[in-house]
Amino acid sequence: MKNGHKSVTIFGAGLSGLTFAYELNELGVSLRVIEKHSSAGGLCRSIRKDGFTFDLGGHRLYADKPWIIEKVKEILGEEMLCTKRKSRILLNGKFFNYPLKPRSAFFSFGFGKSLKILTGYFKSKLKAKQINKVNEMSFEDWVVSRFGRTLYEIYFEPYTEKVWGLPCKNISADWAAQRISPFNLIETIKGALLNSKKFADRFTTSQFFYPVRGGIGRIADRVVEKLKASGNEVLFHSEPTEIRCEKDMVKSVLIANGKSSFELKSDHFISTIPLTKLILMLKPTPPSEIMEAASKLTYRAVICVFLILNKPMVTDDTWIYFPEKSIFFGRAHEPRNWSRENASDGKTSLCLEVFCSEGDYFWQMPDKEIISKVVYDLKRLEFIKKGDVEDCFLSRVPYAYPVYKMGYQNHLSRVRQYLSQFKNLHLLGRTGKFRYMNMDHVIEESVEKARELYRPAQRMAGF
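About the criteria used
Residues numbered from 1 in each chain as written. Predicted model: local features only at pLDDT ≥ 70, side-chain atom pairs only at ≥ 80, totals over all residues. Heavy atoms only, no water. Helix = DSSP H or I, 4+ residues; strand = E, 2+ residues; numbered from the N terminus. Buried < 20%, exposed > 50% of the residue type's maximum accessible area, 1.4 Å probe, protein only. Contact = heavy atoms within 4.5 Å. Areas by Shrake-Rupley, 256 points an atom, 1.4 Å probe, with all protein chains shown as cover. 1 Å grid on protein atoms, 1.4 Å probe; cavity = no way out; pocket = protein on both sides within 12 Å on 5 of 7 lines; lining within 4 Å. Points joined across faces, edges and corners; volume = space filled by probe spheres on them. Nonpolar A, V, L, I, M, F, W, Y, C, P; charged D, E, K, R; others polar. Axes fitted to C-alpha atoms, helices over the stretch in contact; angles between N-to-C directions. Left-handed = near helix turned anticlockwise from the far one by under 90°. Salt bridge = Lys/Arg side-chain N within 4 Å of Asp/Glu carboxyl O. Phe/Tyr/Trp six-rings, centres within 6.5 Å; stacked < 30°, edge-to-face > 60°. Lys NZ or Arg CZ within 6 Å of the ring centre and 35° of its normal. Arc of directions from axis to C-beta.

A. Layout of the overall build of the protein. Of the regular secondary structure elements, the protein holds 16 helices and 20 strands. When the 463 residues of the protein are sorted by exposure, 55% land in the buried category. Relative to all contacts within the protein whose residues are 6 or more apart in sequence, the contacts with residues 24 or more apart total 72%. Taken as a whole, the protein presents about 21,300 Å² of accessible surface, with 50% of it coming from carbon and sulfur.

And the structure:
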């Protein structure tokens, strides 16, 4: 232990766990990070192969708070790019701006459809005044009450159901409230008729930050380097299998490391691993009602298919979204459009995301069949042609998104309340807290949690 400080053990070397570790490392706290994979980064991990760099789905860094960007620059110790964002959705053979820009949505369908969108919008506004907001329970209810049913059916319903594998009526309105910015269609029409640029970029971030080289995973790699240089441990191919508790404290954790295992003691434990897995590790086993509540919480998975292409560029987009069920994948990004360092000269690459759930039909599909389906659709859509694919591989990500099913709040509240009794066990991050967060929110929460734990204890000369 360094400088007499108490020890901290972190489960998971993803962005949340490593940001937390970085902050405490700067304060001189003794740390140990446990990671089941062979490399750091978690959902923000990068895969490098033959001069190409791939992220797991692409992760942009944008923040309203400048100190968050400065924190990442401090970690990297090298230049970051400010990359222009261009995201579109391919629907019925036409490209639209994505996330939804109301001007594009309203004026891209012709007079008849646009009139129907406008009529539906006004109906939703009139109806919304007569409905108690408390009754807005589902994603469908939330969107229809703000945008109208026509726009909901065109834009929101198909992609949302493809991502989550659930009918929109079974998805909580929390997801819509968190991810969709409402707009005033009257202002949109006015801005369009006046050809005003005032409304052009009002509803989406037009640029973001990204490492010059090494992909988004370079952030995690740099933190690991700094932790090791300070004498802290980062154990790969390791994971907790049993968390031993006594009264209101975690006393020790059993760690599996390859074919062996060992018991680990620490003063504080930070868990960024999936909340549902954490519950299953607790000893004594939690009450049946807590186990049942945890079983109701599920995560959505994604299969990332990576293609190395013998062509200089496919598009100039950072992301393209594909809501139609006839297309096997749901989202694509071209890494070279994020940083030229992500691809070799004269060539490009693609990452295609297939949304699924761990153990379902798509998840269990053989790699070759998944890749074949992806390549077939890309050719059919005329993004690539025969002979363009030079190499291909994939990566399965089982805990990509917490699923906000209807009623999830009650189950989550019960689980969190039970875990809160353990004074030295702390939850952190998207999977650890079962809460969807962007990179900036993850960084902010992790830094604040590190300071919250350290400062009170520092005043007591304990931590």
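Right, picking up where we left off after that structure.
B. Quick peek at empty space enclosed by the protein. Here the structure, examined in full by the defined rule, presents 2 cavities of 30 Å³ or more. There is about 80 Å³ of room inside the largest cavity. Lining the largest cavity are 14 residues; nearest its centre among them are V314, T315, I320, A332 and L350. Where the lining of the largest cavity is concerned, the elements lending two or more residues are β16 (319–321), β17 (331–333) and β18 (348–356). Residues of the lining of the largest cavity, tallied by class, amount to 9 nonpolar, 3 polar and 2 charged. When its volume is computed, the second largest cavity comes out at roughly 30 Å³.

C. Examining the packing of helix α5 (residues 139–147) against helix α6 (residues 149–164) more closely. Relative to each other, α5 and α6 sit at 145°, their axes nearing to 9 Å. In the crossing of α5 with α6, the sense of the turn from one axis to the other is right-handed. Note on element contacts: α6 touches α5 through R149, L151, Y152, F156 and T160, opposite F139, E140, V143, V144 and F147. In terms of residue class, the contact of α5 with α6 is built from 7 nonpolar, 1 polar and 2 charged.

D. Structural view of unusual backbone geometry. Of note, the bond from K283 into P284 is cis; its omega dihedral lies within 30 degrees of zero at 0°. Structurally, P284 is set in the loop between β14 (282–283) and α11 (288–295). With a phi close to 55°, K247 is a non-glycine residue in the positive phi region. For K247, a relative accessible area of 80% puts it in the exposed group.

E. A look at the pattern of salt bridges. Under the defined criterion, the tally for this structure stands at 25 salt bridges. Where R331 meets E353, a salt bridge forms, and the shortest distance between an N and an O atom there is 2.6 Å. Linking R331 in strand β17 with E353 in strand β18, this pair joins segments that are 22 residues apart in sequence. Side by side, R331 and E353 carry an identical accessibility label, which is buried. Overlapping salt bridges bring together E23, K71, E74 and R451 as one network.

F. Main features of the packing of aromatic side chains. If you walk through the whole model with that rule in mind, you get 25 aromatic pairs. A ring pair is formed by W164 and W175, whose centres lie 4.9 Å apart and whose planes are at 80°; its orientation type is edge-to-face. One end of the pair, W164, is in helix α6; the other, W175, is in helix α7 (residues 173–179), and 11 residues separate them in sequence. Here the two residues W164 and W175 agree in accessibility, since each one is buried. Ring pairing ties together the aromatic residues Y159, W164, W175, Y299, Y321, F355, Y399, Y401, Y404, Y408, F434 and Y436, which thus form one cluster. Of note, R88 hangs over the ring of F95, and the distance from its end group to the ring centre comes to 3.8 Å. Across from the ring centre of F328, 5.9 Å away, lies the NZ or CZ of K373, which sits over that ring.

G. Here's a closer look at the environment of V33. Positionally, V33 belongs in strand β2 (residues 30–34). It is 8.5 Å that separates the C-alpha atoms of V33 and V8, two residues lying 25 residues apart in sequence.

H. Structural detail: the packing of helix α1 (residues 15–26) against helix α9 (residues 218–229). Packing of α1 against α9 brings their axes to within 10 Å, and their N-to-C directions diverge by 35°. You can see that α1 and α9 cross each other, and the crossing is left-handed. Between α1, through L15, L18, A21, Y22 and N25, and α9, the contact on the second element is made entirely by I219, A220, V223, V224, K226 and L227. Among the residues making up the contact of α1 with α9, the classes are represented as 9 nonpolar, 1 polar and 1 charged.

I. Focus on helix α2 (residues 66–76). Along α2, the residues classified as buried are I68, I69, K71, V72, I75 and L76. Looking straight down α2, one finds that the buried residues subtend no more than 155° of arc, so they occupy a single side. One or two residues past the end of α2 sits G77, with phi positive at roughly 65°.

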